[in-house]
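The chain contents come next:
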Amino acid sequence: MSDCIFCKIVSGDIPSYKIYDDDRVFAFLDIKPLSKGHTLVLPKEHFENVFDIPEDLYAYMFEVAKNISANIKEKYQPEGIFINQNNGEMAGQSVLHIHIHVKPIYNESQKHKEEDKGMQLSTEEMEKICNDLKIA
Ligand code: AMP
Ligand code: ZN
């Protein structure tokens with residue numbers, strides 16, 4: 001896609017700190033890292049989000065993210081690694097070319113505390129949601 005910044009990085013029109021490159025997937029350091037080694041993993045072909053990317057390519061991106069995580073763990077020994085992939089602006093996606101964040105966590109200030117934002121739902125509400133969303 002011609003006006004996509006990540007397509008321009010993949011094609012080399014915009015420079016990046018490249019970490020990994022194969023025929024389908026590309027990975028580079030985030031320009032504004034949460035922590036040392038914060039890496040973005042993306043398909044070379046432009047897809048916007050989880051809804052339009054083919055399933056096998058989505059799975060392959062995570063395979064690459066796993067290998068990158070193992071390499072970061074070996075080289076930098078973080079306390080943990082937070083992996084997230086945002087879909088839609090409300091979910092925190094600012095660049096509309098799908099990408100996985102691999103964020104090494106080294107200390108308390110970088111800790112990811114999703115549990116602090118948790119809702120308290122009633123049994124009835126939980127059962128309704130479970131019924132609504134059950135696939136198998
Ligand atoms: P998201 O908010 O999930 O869409 O993440 C987009 C990420 O891309 C942000 O963390 C940005 O810091 C990062 N980013 C934007 N432009 C560049 C760039 N030119 N090189 C590397 N990372 C970038
Ligand atoms: Zn793109």
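Scroll up to find the structure.
Let us look at the structure shown here.

Parameters and conventions
Residues numbered from 1 in each chain as written. Chains lettered and ligands numbered in written order. Predicted model: local features only at pLDDT ≥ 70, side-chain atom pairs only at ≥ 80, totals over all residues. Heavy atoms only, no water. Helix = DSSP H or I, 4+ residues; strand = E, 2+ residues; numbered from the N terminus. Expected span 1.5 Å × (residues − 1). Buried < 20%, exposed > 50% of the residue type's maximum accessible area, 1.4 Å probe, protein only. Contact = heavy atoms within 4.5 Å. Lys, Arg positive; Asp, Glu negative; His and termini not counted. Salt bridge = Lys/Arg side-chain N within 4 Å of Asp/Glu carboxyl O. 1 Å grid on protein atoms, 1.4 Å probe; cavity = no way out; pocket = protein on both sides within 12 Å on 5 of 7 lines; lining within 4 Å. Points joined across faces, edges and corners; volume = space filled by probe spheres on them. Nonpolar A, V, L, I, M, F, W, Y, C, P; charged D, E, K, R; others polar. Core = buried A, V, L, I, M, F, W, Y, C linked by side-chain atoms within 4.5 Å. Phe/Tyr/Trp six-rings, centres within 6.5 Å; stacked < 30°, edge-to-face > 60°. Lys NZ or Arg CZ within 6 Å of the ring centre and 35° of its normal. Near = heavy atom within 4 Å. Polar contact = N/O pair within 3.5 Å; in protein donor to acceptor, adjacent residues only side chain to side chain. Areas by Shrake-Rupley, 256 points an atom, 1.4 Å probe, with all protein chains shown as cover.

What follows concerns helix α2 (residues 55-76). Helix length check: α2, at 22 residues, gives a terminal C-alpha distance of 31 Å against a target of 32 Å (1.5 Å per residue), a fit within 8%. Within α2, the full set of buried residues consists of L57, Y60, M61, V64, A65, I68, S69 and I72. At its buried positions, α2 is contacted by β1 (18-21), β2 (25-29), β3 (39-43), β4 (80-84) and β5 (100-105).

A few words on the side chain of K103. With respect to the helices and strands, K103 occurs in strand β5. Comment: no salt bridge for buried K103; closest opposite-charge side chain is D30, at 7.3 Å. Apart from residues lying up to four places away in sequence, K103 is in contact with L34, S35, H38, G80, I81, F82 and N84.

Of the pockets and cavities examined, the largest pocket occupies roughly 270 Å³. If you go around the largest pocket, you meet 18 residues; those closest to its centre are F6, F28, D30, I31 and L40. Elements with a minimum of two residues in the lining of the largest pocket: α1 (5-11) and β2. Residues belonging to the lining of the largest pocket are distributed by class as follows: ten nonpolar, seven polar and one charged.

The next point concerns the nonpolar core. Grouped together as the largest cluster of nonpolar side chains are 15 residues, with contacts concentrated most on V25, V41, I68 and V102. Secondary-structure elements contributing two or more residues to this core are β2, α2 and β5. Among the elements that take part in this core, α2 stands out by supplying seven residues, more than any other. For V102, the contacting residues outside a window of four places in its chain are G37, H38, T39, V41, A65, I68, S69, I72, I81 and F82. In this structure, C7, F28, L40 and V95 belong to the second largest nonpolar core, which totals ten residues.

Looking now at the packing of aromatic side chains. In the structure shown here, the tally under the stated rule is three aromatic pairs. Relative to F28, the ring of F6 has its centre 5.4 Å away and its plane inclined at 80°; by these criteria the two rings are edge-to-face. Of this pair, F6 sits in helix α1 while F28 sits in strand β2, placing them 22 residues apart in sequence. Here F6 falls in the buried class, since its relative accessible area comes to 7%. With a relative accessible area of 4%, F28 lands in the buried category. One cation-aromatic arrangement involves R24 over Y60; the distance from NZ or CZ to the ring centre is 3.9 Å.

Turning our eyes to something else, we now look at the site of ligand 1. The immediate surroundings of ligand 1 are formed by 16 residues, with D30, G92, S94, V95 and H101 found nearest. Interatomic distance of 2.5 Å between a side-chain N/O atom of D30 and an oxygen atom of ligand 1. Between G92 and ligand 1, the recorded distance is 2.9 Å, taken from a backbone N or O atom to an oxygen atom. Protein chains bury 82% of the 500 Å² of accessible surface belonging to ligand 1 in isolation. Broken down by secondary-structure element, the contributors of at least two residues to the shell around ligand 1 are α1 and β2.

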